[in-house]
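For reference, the chains in residue letters:
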Amino acid sequence: MLPRRAKIKEIINDNGRVKTFVLDCSIIAKPGQYVMVWLPGIDEKPISVSRADPLTLTVANRGPFTSRLFDLKVNDFMSFRGPFGNGFALRTVKNILLVGGGYGVAPLRFLAETALQKNIRPTMIMGAKTASDVILEEAFSELKVKTIIATDDGSKGVKGTCVDAAREAMEKEKFNAVYSCGPEKMMAALAHECAKHGVRCQLSLERYIKCGIGVCGQCCCDGLRVCHDGPVFDARVLKGVEDFGRLARGPSGASHAL
Ligand SMILES: Cc1cc2nc3c(=O)[nH]c(=O)nc-3n(C[C@H](O)[C@H](O)[C@H](O)COP(=O)(O)OP(=O)(O)OC[C@H]3O[C@@H](n4cnc5c(N)ncnc54)[C@H](O)[C@@H]3O)c2cc1C
């Protein structure tokens, strides 16, 4: 797939470490899919679609690639390939719970928007370390989605993790399905809670993705090619996967503990 080039028409500073880039183009994509953003001479990395029309990407400044993305200004160009990956499967259900940790909230915004178009009612739980780490609160409020914020230190919303908040929500209300994106250890704990409550759940995994088309094997999680078979997996598929929530391969190919 050849890269496309689009102009940045808006940059929203979500907090000191996260920015949202709105491009002057749209793509046909499913929530949970990602694009490979290419900075010529620097690198190419996966970023989830936060909105497809206009294409919107929410990026956390973590290392060499994302810090160069942060240098881009309105009217600069960004190149990307995609969308890639399977995306979330929205079944014909009524009531769904979305659980996002950190910038994992971004693809769930697109999922919430799509669910509303299908008359499915989403409830959003966003988890962050502190009040200043919360992102996209306004985007969810514009969609009029019921949103519960959980912060580790209690500086905003309820005190605790988004898994604590999800457990409480599932105890109070019956959800047909749970969808999540965020740190893998968090999602492993969430999958456990969902199993206890008998609720199906889909989780979007993050691995070092290089090719995006299932060829190079860099992103494998045991036998699963995250870039192509995922990044979204049913928790029942991940149940027998030894690396899930424990180990991931780094850029050199060597595994490290999560
Ligand atoms: C399917 C998918 C969707 C993604 N969507 C988004 C998104 O919407 N917004 C966003 O900000 N980021 C997203 N990412 C992560 C993003 O690709 C990485 O943060 C980015 O590649 C970091 O590159 P860097 O050169 O800035 O930092 P690096 O120097 O590569 O990394 C900085 C730190 O992050 C860790 N890290 C980097 N990439 C990964 C990874 N893939 N898995 C686990 N740890 C990693 C490194 O170990 C290091 O500690 C996504 C990743 C995947 C696989």
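Preceding block: the structure.
Residues numbered from 1 in each chain as written. Predicted model: local features only at pLDDT ≥ 70, side-chain atom pairs only at ≥ 80, totals over all residues.

Enquirer: Now, about the overall build of the protein chain: what can you tell me, with residues and values included?
Expert: Helix and strand counts for the protein chain stand at six helices and 18 strands. Against the compact-globule benchmark of 18 Å for 258 residues, the protein chain has a radius of gyration of 17 Å, which places it among compact chains. Across its three principal directions, the C-alpha atoms of the protein chain cover 50 × 40 × 35 Å. Scored against the burial criterion, the 258 residues of the protein chain give a buried share of 45%. (Helix = DSSP H or I, 4+ residues; strand = E, 2+ residues; numbered from the N terminus. Rg over C-alpha atoms; globule rule 2.2 N^0.38 Å. Buried ≥ 20, exposed ≤ 12 C-beta atoms within 10 Å, placed from the backbone.)

Enquirer: I'd like a description of helix α5 (residues 184-197), backed by residues and values.
Expert: Its 14 residues give α5 an end-to-end C-alpha distance of 20 Å, which sits within 8% of 20 Å, the value for a rise of 1.5 Å per residue. Structurally, α5 contributes buried residues whose contacts are with β8 (95-101), α4 (162-172), β12 (177-181), β13 (200-204) and α6 (235-238). Downstream of α5 by a residue or two, glycine 198 has a phi angle that is positive, lying close to 65 degrees. (Expected span 1.5 Å × (residues − 1). Contact = placed C-beta atoms within 7 Å.)

Enquirer: If you had to explain the nonpolar core to someone new, which residues and values would you point to?
Expert: Ranked by internal contacts, the top residues of the largest apolar core, which has 71 residues, are Leu98, Ile125, Cys162, Leu190 and Leu203. Ranked by the residues each element gives to this core, the list is headed by helix α2 (residues 105-117), at seven residues. Counting contributing residues, this core receives three or more from each of domain 1 (4-84) and domain 2 (95-257). Leave out the neighbours within four places in its chain, and leucine 98 touches Leu108, Leu111, Ala112, Pro122, Met124, Ile125 and Tyr179. (Core = buried A, V, L, I, M, F, W, Y, C linked by C-beta atoms within 7 Å. Domains from an automatic or database assignment.)

Enquirer: An account of the pairing of strand β1 (residues 4-15) is needed here, citing residue identities and associated values.
Expert: Across four bridges, the pairing between β1 and strand β7 (residues 77-84) is antiparallel. Across the sheet, residue arginine 5 finds its bridge partner in β7, namely serine 79. Pairing of β1 with strand β2 (residues 18-23) involves six bridges; the strand directions are antiparallel. The residue of β2 that forms the bridge with asparagine 13 is lysine 19. Between β1 and β2, which follow one another and run antiparallel, lie two residues. (Pairing = 2+ DSSP bridges.)

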